[in-house]
Amino acid sequence: MSRRTGPLGRRPLRTRLTLVTSAAVALVALGVLAGAYVVIRYELVRQLDLQLKQQAGLVAQQSRGGADQGVLYDQCAWRAAPACAQIVRADPAAPGQDGLVLPVTGATRRVAAGTLGAYYSDITHHGRPMRMLTTPVPGRDGRALQVAARSDSVDQSVEQAGLYLGGVGAVGVLLAAALGHLAARTSLRPVTRLTATAERIAATRDPAHRIELPRYEKGGARRQDEITRLATSFNTMLGELEEAVAAQRRLVADASHELRTPLTALRTNAELLARADRLSTAQRERASDALGRQLREVTGMVNDLIELARDEEPQQLVEQVRLDRLAERCVADARGHWPATLFTADLAGATVPGVPARLARLLSNLLDNAAKFSPAGAMVEVRLARTDGTLDLTVRDHGPGISDEDLPHVFDRFYRSRQARALPGSGLGLAMARQIARAHGAELTAEQAGTGGALFRLSFPGSEPGF
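Residues numbered from 1 in each chain as written. Predicted model: local features only at pLDDT ≥ 70, side-chain atom pairs only at ≥ 80, totals over all residues. Heavy atoms only, no water.

**Focus: the overall build of the protein chain**
Step number 1: The helix and strand inventory of the protein chain stands at 9 helices and 13 strands.
Step number 2: For the protein chain, the residues scored as buried account for 35% of the 467 residues in total.
Step number 3: Contacts spanning at least 24 positions in sequence make up 62% of the contacts within the protein chain whose residues lie at least 6 apart.
Step number 4: Here the protein chain displays about 27,500 Å² of accessible surface, and carbon together with sulfur accounts for 55% of that area. (Helix = DSSP H or I, 4+ residues; strand = E, 2+ residues; numbered from the N terminus. Buried < 20%, exposed > 50% of the residue type's maximum accessible area, 1.4 Å probe, protein only. Contact = heavy atoms within 4.5 Å. Areas by Shrake-Rupley, 256 points an atom, 1.4 Å probe, with all protein chains shown as cover.)

Here is the structure:
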């Protein structure tokens, strides 16, 4: 089922960000302006109410002791104060209640009777808007005073303030849209560069491209916002991809170079055996033995390349491995493969998580490498011990050792020192051993032994003791 998206969801990210930012800023601005309009209107009406209250006090003082006449001022068209004022009796039939100019309601009679407090109201008198105060007359029961003044000036001021605020709001909305567009464009600039870089990499298949990061701020610290971190992570990913592609190309080139010689020898021996009728029995046997040996070398090299290219361990096969027992079996196998070499083992009980077959391959490669460089009758020492919370398995031979020139490259693929070029092997054993070690969270290092020979150290951090 396809998921429906609204019109906003189909727009580009920059447009959506611009619209959302502009709408947010515009809503805030309009809300502030609406609040300002309400406050202005309230203050203007409040000032008019205070003026009416003061006028009511003055009129009450002037009319104290006078007759109970109804209309006190009848100039409602004037803007001057007081313009309209009258006294209303609680009894509509009382003298002076005829010809009142301001509207009298039941609420007005209740104020005069003392059952209702003073109140303000908006009225229309002869087509003019007015604000009226109805209040009891102090010291004179049964009477209410009504004072009114024109409110059209207040209404005009409120309307004018609304127009001004509306204009400011319109300008604010336009400014918010412009600022939203600028903010979206500035904020998404790294994303635009990221997209362009990704498209360029997809077109050229070259991971050497990088996204240009923002310049450093004052003080030398690079700006660290979400977009910058995304660009930095993308550059890191491109660096890893570039390194992986380069490593793959080196592996293919090295494998092609290393396979060229044995394949040429295979073809030569195969062509020689094709003319077996011209060879003696001894020549045929030598050619057949050489062909078989070269086939085994090529097969072993191809298997090693497959193991190296996999570059991971099957997680479903990981289990707790007794490393001392595994090392003991590997040493026993090495004694059978290298009868001229003396292997000794000093193994402390320890358990590590891993794939038994892969760890056995690692130890076998180390033992074969040590035996290969050991003279006949020399000793290869295997030791498993725990030091400072780290489990170390060391394999030491008493051969010529590793020169300072070769030490940084002993774990490189297809690397073979000058001493090893005359010995059998493909130069992949130690590279595979380090790869297996790192897949198990361990570290494999090589160093010169104190009294001669080479020492390889396999370190497992935080492993459990054996039982």
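**Section: the packing of aromatic side chains**
Step number 1: Using the criterion set out here, one finds 1 aromatic pair in the structure.
Step number 2: Taken together, a centroid distance of 6.1 Å and an interplanar angle of 85° make the contact between F411 and F456 edge-to-face. Of this pair, F411 sits in the loop between β10 (390-396) and α9 (429-439) while F456 sits in strand β12 (residues 454-461), placing them 45 residues apart in sequence.
Step number 3: Owing to a relative accessible area of 3%, F456 belongs among the buried residues under this scheme. (Phe/Tyr/Trp six-rings, centres within 6.5 Å; stacked < 30°, edge-to-face > 60°.)

**Examining helix α7 (residues 323-337)**
Step number 1: For α7, built from 15 residues, the straight-helix expectation of 21 Å at 1.5 Å per residue is met to within 8% by its first-to-last C-alpha distance of 21 Å.
Step number 2: Buried within α7 we find L323, D324, L326, A327, C330, V331 and A334. In a view along the axis of α7, the buried residues occupy a sector of 155°, so they form one face of it. When the buried face of α7 is taken as reference, the exposed residues oriented beyond 90 degrees from it are E328 and G336. (Expected span 1.5 Å × (residues − 1). Arc of directions from axis to C-beta.)

**Things to note about the sheet that holds strand β9 (residues 379-387)**
Step number 1: Strand order in this open sheet of 5 strands is β7-β9-β10-β12-β11, and the pairing throughout is mixed. Of all strands in the sheet, those bounded by a partner on one side alone are β7 (342-347) and β11 (443-448). Mean inter-strand twist for the sheet, computed between neighbouring axes without regard to direction, equals 15°.
Step number 2: Relative to β12, β10 runs antiparallel, the two being bridged by 7 bridges. When the bridges of β12 are listed, L391 appears paired with F460. (Pairing = 2+ DSSP bridges. Axes fitted to C-alpha atoms, helices over the stretch in contact; angles between N-to-C directions.)

**Considering helix α2 (residues 106-113)**
It helps to recall that an α-helix has 3.6 residues per turn; residues three or four apart then point in one direction.
Step number 1: Taken together, the buried positions of α2 are occupied by A107, T108, R109, V111 and A112.
Step number 2: Contact partners of the buried residues in α2: β2 (84-89), β3 (119-125), β4 (128-136) and β5 (143-150).
Step number 3: Just downstream of α2, G114 is the residue with a positive phi angle, here 85°.

**Observations concerning the packing of α7 against helix α8 (residues 356-372)**
Step number 1: It is at 9 Å that the axes of α7 and α8 come closest, and there the two elements cross at 45°. By the angle between their directions, the pair α7 and α8 is classed as oblique. α7 and α8 meet at a crossing whose hand is right-handed. Along its contact with α7, which presents L326, A327, C330, V331 and A334, the element α8 presents P356, L359, A360, L363, S364 and L367. (Parallel < 35°, antiparallel > 145°, perpendicular 65-115°, else oblique. Left-handed = near helix turned anticlockwise from the far one by under 90°.)

**Quick word on the sheet that holds β5**
Hydrogen bonding along the main chain pairs the strands of a sheet, whether they run parallel or antiparallel.
Step number 1: As summarised here, the arrangement of the 5 strands in space is β1-β2-β5-β4-β3, forming an open sheet in which the pairing is antiparallel. Each edge of the open sheet carries a strand with a single partner, namely β1 (71-74) and β3. Here the average twist between neighbouring strands, direction ignored, is 25°.

**Side note on the pairing of β3**
Step number 1: Where β3 lies against β4, 7 bridges are found, and the strand directions are antiparallel. Each bridged residue has a counterpart across the sheet, and for I123 the counterpart in β4 is M130.

**Regarding the pattern of salt bridges**
Step number 1: Tallied over the full model, the rule gives 10 salt bridges.
Step number 2: What emerges from the salt-bridge pattern is a single network uniting D49, D122 and R131. (Salt bridge = Lys/Arg side-chain N within 4 Å of Asp/Glu carboxyl O.)

**Some thoughts on the nonpolar core**
Step number 1: In terms of nonpolar packing, the biggest core is built from 39 residues, with L367 and F456 touching the most fellow members.
Step number 2: Ranked by the residues each element gives to this core, the list is headed by α8, at 8 residues.
Step number 3: Once residues lying within four places of it in the same chain are set aside, the contact partners of F456 are L366, N369, L393, T394, V395, I402, F411, L430, L444, T445 and A446.
Step number 4: Listed in part, the 14 residues of the second largest apolar core include L48, L52, V59 and I87. (Core = buried A, V, L, I, M, F, W, Y, C linked by side-chain atoms within 4.5 Å.)

**Notes on the environment of D346**
Step number 1: Relative to the helices and strands, D346 resides in strand β7.
Step number 2: Residue D346 is classed as partly exposed on the basis of its relative accessible area of 47%.
Step number 3: Distance from D346 to E381, taken between C-alpha atoms, is 8.0 Å for residues 35 residues apart in sequence.
Step number 4: Those residues in contact with D346 that sit more than four places away from it in its chain are V382, R383 and L384.

**Quick notes on a nonpolar patch on the surface**
Step number 1: On the surface, L175, L179 and L182 cluster together to form a nonpolar patch covering roughly 290 Å² of accessible area.
Step number 2: With respect to the helices and strands, L179 occurs in helix α3 (residues 152-187). (Patch = residues over 30% accessible without salt bridge, like charges linked within 9 Å, V, L, I, M, F, W, Y side chains within 5 Å.)

**Thoughts on unusual backbone geometry**
Peptide bonds are trans in most cases, and residues, glycine excluded, mostly fall at negative phi.
Step number 1: Of note, H126 is a non-glycine position whose phi angle comes to about 55°, a positive value.
Step number 2: Position of H126 relative to the elements: it lies in the loop between β3 and β4.
Step number 3: Judged by relative accessible area, H126 falls into the exposed class, the value being 67%.

**Looking at the environment of T21**
Step number 1: Mapped onto the elements of the fold, T21 is located in helix α1 (residues 13-63).
Step number 2: Residue T21 is classed as partly exposed on the basis of its relative accessible area of 25%.

**Re the side chain of D152**
Step number 1: Here D152 lies in helix α3.
Step number 2: Taking relative accessible area as the criterion, D152 reaches 11% and is therefore assigned buried.
Step number 3: Polar contacts involving the side chain of D152 include one to the side chain of R150, which spans 2.4 Å. (Polar contact = N/O pair within 3.5 Å; in protein donor to acceptor, adjacent residues only side chain to side chain.)

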